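Listed below, chain by chain, are the residues.
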Amino acid sequence: MLYYYFFFFFSSRRRHTRYISVTGVQTCALPIFLSHQIESIQDRVKLISLVKDYFNFGDKYELLIDKNGIVISSDNDVYTPKTQGKEDFYIPDFVHIDFLDKELFEQLLLEFSLSESNEKARDLQRTIKEIVNIHSYEPAQVLIKIVSATNKIIDSNPQNSVSYIKEMVNSLFLNFLELSDSTKIPSDIKIPLLNTVNKAVNSKELFISTDFPSGNLTNDLFGNILTDEQILATLKVYNLDKEDIQLVEDFFLWLGVNKFLRLETIDLSNSYEYESFVFKYIERPERCESTKIIVKNIVGSDLLKSMKKEDIVLWILNDEKLYKQIDRRNNSDSFKYKTWRERDYYYSLSNKPSYIMFLLSKADLLLDDYLLGDNNDWLNIFKFNYNYELFKKYNISRKEINSILLKLGAEEEFFDLSIDRVTKILKKLPELKPDGRLTQSIYKKAVKHYQMHKLDLNGAVSLFSHNGNEKGYFKQEEIYFSDNIRLPKKLRSKYPILNYPPRAAAKDAIEFFKINDLDSLEIKITSHSIVEEKTYEFNQLFEKLKQFILAFRLERIDDDQTKRNESSKLNKSKIYLCIDIQCKQKDEDFALDDYEFITEDLNNFYIKIRSDDTIKSLRMNSLFGDSFSEIIANTFGITGDKNEFRFILRNDLDDTEHQIRNELGGDIIVEAREFLGYSDYILSFWKAFYKSLDKNFEITHNREDFLNDVKSDLGIVNIDIEIIDYEN
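What counts, and at which threshold
- Residues numbered from 1 in each chain as written.
- Predicted model: local features only at pLDDT ≥ 70, side-chain atom pairs only at ≥ 80, totals over all residues.
- Heavy atoms only, no water.
- Helix = DSSP H or I, 4+ residues; strand = E, 2+ residues; numbered from the N terminus.
- Rg over C-alpha atoms; globule rule 2.2 N^0.38 Å.
- Buried < 20%, exposed > 50% of the residue type's maximum accessible area, 1.4 Å probe, protein only.
- Contact = heavy atoms within 4.5 Å.
- Areas by Shrake-Rupley, 256 points an atom, 1.4 Å probe, with all protein chains shown as cover.
- Lys, Arg positive; Asp, Glu negative; His and termini not counted.
- Charge placed at Lys NZ, Arg CZ, Asp CG, Glu CD.
- Pairing = 2+ DSSP bridges.
- Phe/Tyr/Trp six-rings, centres within 6.5 Å; stacked < 30°, edge-to-face > 60°.
- Salt bridge = Lys/Arg side-chain N within 4 Å of Asp/Glu carboxyl O.
- Axes fitted to C-alpha atoms, helices over the stretch in contact; angles between N-to-C directions.
- Parallel < 35°, antiparallel > 145°, perpendicular 65-115°, else oblique.

Trainee: Any chance you could explain the overall build of the chain here in plain terms?
Mentor: The number of helices and strands found in the chain is 28 helices and 19 strands. Taking 27 Å as the expected radius of gyration for a compact globule of 728 residues, we find that the chain reaches 46 Å, considerably beyond that expectation. With the principal axes as the frame, the chain shows a C-alpha extent of 145 × 70 × 60 Å. Within the chain, the proportion of its 728 residues that are buried is 46%. Relative to all contacts within the chain whose residues are 6 or more apart in sequence, the contacts with residues 24 or more apart total 70%. With the model as given, the accessible surface of the chain reaches about 38200 Å², and the carbon-plus-sulfur share is 46%. Positive and negative charge centroids in the chain, built from 98 and 119 side chains respectively, lie 4 Å apart.

Have a look at this one:
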């Protein structure tokens, strides 16, 4: 009877609105009165449908019921039923939220033909939202409502804020356990939590305490710069001390509590300071007029100044968000610029240092030009402590540390340093290494840097050199060097020689260090006393050695013209052994010391020997060997192969030939002899003979065994090939 009476009443009212006087209060009261009388779900569905059709005046009616069949107040926010997990959603008592009865929800979908909809809850909410206070169920929206209601009641009842926050936290924790990992409370929502002094603080301003698994790391990194007001209250305060500790930590991090200093997004468009930092590392685009820059900032970045470099490395290794931001290729900062020609189009700048790198730079926490490696510690401005106690505590390996140091600007190789850093290192050497130890190694690395980058030093430096009497640091303009000329000892006090390997790119060293070339010194021979017999004997030996010397040289040359030129140089070379050599440099007369040499034309070389020296003793004499190898290097105009030339002088001739044949092949000796003009007729004959047979000619043994190899290889039995006149 209720159903039909109700239908007739509203139907007639709808038709005679002009003639019936009904107040707004009476209009709202009637559906509400009927709602509280209805017990059937079907009757309630019809009531809602009729109110939607005939009482849609913008008022909200109490028409919905919860799972217990109780009519929900119009002051409460009603949500469609949960779609996943347990049916219950834990709501604090002071929060006015209810959930629609599930059966009523299903019947309303049928009533309004929404059962086949892909978004049933949203479509139902859109359909009846004008007459009831309903929202489609979305976990994040319910959580936001709980938090906002808590903030509201705290504002009106601040004296009870602690109890309200505890109740909110416990309800959120229970819901957190049921929700999926994808459910997040938006970052702009202010979630009130308690700190260690029981004051309400926004969760995003708090840090986890040592109660939590990660709290020790937080305390180790930031404990000396955080106050009690910034630390989250203990688990016991929230009555969560009996829960799984890792779950509770995940829960508070989910609420926005910090494990590390928090990152936020800020607008830095047209920031001159940051732009200048970026363009130190990458070239500024042409016609760049203005910028649009959105970056990640560290909240409380002033605290960085109180941190050690070791702490920054530990932090980065444990914070994925920060790790991403120090990567030039993968950081999330957006740096766009436009030109004056294309005023409405912005270009994106990639591979740029992030704003966080800029903040680290301002706090002097970058490691630009720091050189990795134990052997390089003394070169660095500061010492990074790989044995830092926190690295040991958290099992951080040296490899992991170096991976971060490289991202922060450190370099693995000397030649990757900036020229500014190279200059500073060279300037610092007199203080770091007053005895000159390791300077030769550093100078070699500095020259390699120059060879790769062709960058000049940024200022004057003092270089470790030897002036014949003492070693020490001299000004660049006072120093000389050459890889071809060995300065006589008598002149060294006037011309300090750079402490640099003779064979290590002397020309580049002279250019880079801006020092003097010894080749520019004019030293003349005023007289010499040649020991004719020993000179003749030595040059007889020298002629025999030339084939082996040239063989080593030819092995490194490809074109025939260069080979002929090198052969010609060596052929012209002659060495004179003298018991006295007098010289003049400018106005100074001096005599060469034992085993020093001099030349005036790169063809004739004069070596000072002792009167009791023999050719045999000279071959074994290290100083004489040094001069001999220098003479050969000067002849060819090279700096390498000096060890090979020493070996050739000292070694037995047959053994030298044997080793060259084994290492370089017999053909190289034949070729050397041919270029020198005293060809090996036997080898040349058989080489041509093999070529006529289209057979491979290869020498694998000494000359004494060669003919036996030929007989065996060609199957010669009855012919004595040793008596052939090979010259004619």
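Trainee: Explain the sheet that holds strand 6 (residues 263–267) to me, please; I cannot follow it from the model alone.
Mentor: Across a sheet, paired strands are connected by hydrogen bonds in the backbone, their directions being either parallel or antiparallel. The 4 strands are arranged 6-7-8-9 in an open sheet whose pairing can be described as antiparallel. The open sheet is flanked by strand 6 and strand 9 (347–348), the only strands paired with a single partner. In the sheet, strand 6 pairs with strand 7 (residues 288–298) via 5 bridges, with the strands oriented antiparallel. Looking at the pairing, Leu263 lines up with Ile298 of strand 7.

Trainee: Please explain the packing of aromatic side chains as it appears in this structure.
Mentor: For any two aromatic rings, the description comes down to two numbers: the centre-to-centre distance and the angle of the planes. Tallied over the entire structure, the rule returns 41 aromatic pairs. When the centroid spacing of 5.3 Å and the interplanar angle of 80 degrees are considered together, the rings of Phe173 and Phe251 count as edge-to-face. Separated by 78 residues along the polypeptide, Phe173 in helix 7 (residues 161–178) and Phe251 in helix 9 (residues 245–254) bring together distant segments of the chain. For Phe173, a relative accessible area of 2% corresponds to the buried category. On the basis of an interplanar angle of 85 degrees and a centroid distance of 5.4 Å, the ring pair of Tyr274 and Tyr355 is categorised as edge-to-face. Taken as a pair, Tyr274 in helix 10 (residues 272–281) and Tyr355 in helix 13 (residues 355–362) lie far apart in primary sequence, 81 residues in all.

Trainee: What should I look at first to understand helix 19 (residues 506–513) in this one?
Mentor: Owing to its 3.6 residues per turn, the α-helix brings residues three or four apart onto one side. Most of helix 19 sits inside the fold, with 6 of its 8 residues counted as buried. Buried within helix 19 are the following residues: Ala506, Asp508, Ala509, Ile510, Phe512 and Phe513. Among the structural elements, helix 16 (419–432), helix 17 (439–453), strand 10 (462–466), strand 12 (480–481), strand 13 (497–498) and strand 14 (516–517) are those in contact with the buried residues of helix 19. Two residues or fewer past helix 19, Lys514 is found with a positive phi of approximately 55 degrees.

Trainee: Help me understand the pattern of salt bridges, please; the structure alone is not making it clear to me.
Mentor: Opposite charge on two side chains makes pairing possible when the charged atoms of those side chains draw close. Under the defined criterion, the tally for this structure stands at 26 salt bridges. Here Arg126 makes a salt bridge to Glu119, at a shortest N to O gap of 3.9 Å. The exposure class assigned to Arg126 is partly exposed, which follows from its relative accessible area of 43%. Measuring nitrogen to oxygen at the nearest pair gives 2.8 Å for the salt bridge that ties Lys393 to Asp220. In this pair, Lys393 is assigned in helix 14 (residues 389–393) and Asp220 in helix 8 (residues 215–222), connecting sequence segments 173 residues apart. The exposure class assigned to Lys393 is partly exposed, which follows from its relative accessible area of 47%. Several salt bridges share partner residues, and in doing so they unite Glu119, Arg122, Asp123, Arg126 and Glu138 into one network.

Trainee: So what exactly am I meant to see when it comes to the pairing of strand 8 (residues 334–339) here?
Mentor: Within a regular strand, the side chains alternate between the two sheet faces. As paired elements, strand 7 and strand 8 share 6 bridges and run antiparallel to each other. Note that in strand 8 the partner of Cys288 across the bridge is Thr339. The sheet contact formed by strand 8 and strand 9 spans 2 bridges and is antiparallel. In the sheet register, Tyr337 faces strand 9, and the bridge partner there is Tyr347.

Trainee: Would you take a moment to explain the packing of helix 7 against helix 9 for this structure?
Mentor: Between two packed helices, the angle of one axis relative to the other and the distance separating the axes together describe the packing. Where helix 7 contacts helix 9, the two axes come as close as 10 Å, and the packing angle between them is 110 degrees. Our classification of the angle between helix 7 and helix 9 gives roughly perpendicular. In this structure, helix 7 contributes Val169, Leu172, Phe173, Phe176 and Leu177 to the contact, and helix 9 contributes Leu247, Val248, Asp250, Phe251, Phe252 and Trp254.

Trainee: Which parts of the structure should I look at to understand the sheet that holds strand 3 (residues 134–135)?
Mentor: Pairing within the open sheet is parallel, and its 3 strands lie in the order 2-1-3. Only two strands of the sheet have a single neighbouring strand rather than two, namely strand 2 (97–99) and strand 3. When strand 1 (residues 77–79) meets strand 2, the two strands line up parallel, connected through 3 bridges. The residue bridging Tyr79 from the neighbouring strand is Phe99, located in strand 2.

Trainee: How should I be thinking about the environment of Val142 in this particular structure?
Mentor: Structurally, the position occupied by Val142 is in helix 6 (residues 139–156). In the structure, Val142 is positioned 53 residues away from Phe89 in sequence and 9.0 Å away in space, judged by C-alpha atoms. If we ignore the near neighbours within four places in the chain, the residues touching Val142 are Tyr79, Phe89, Ile91, Ile97, Phe99 and Tyr137.

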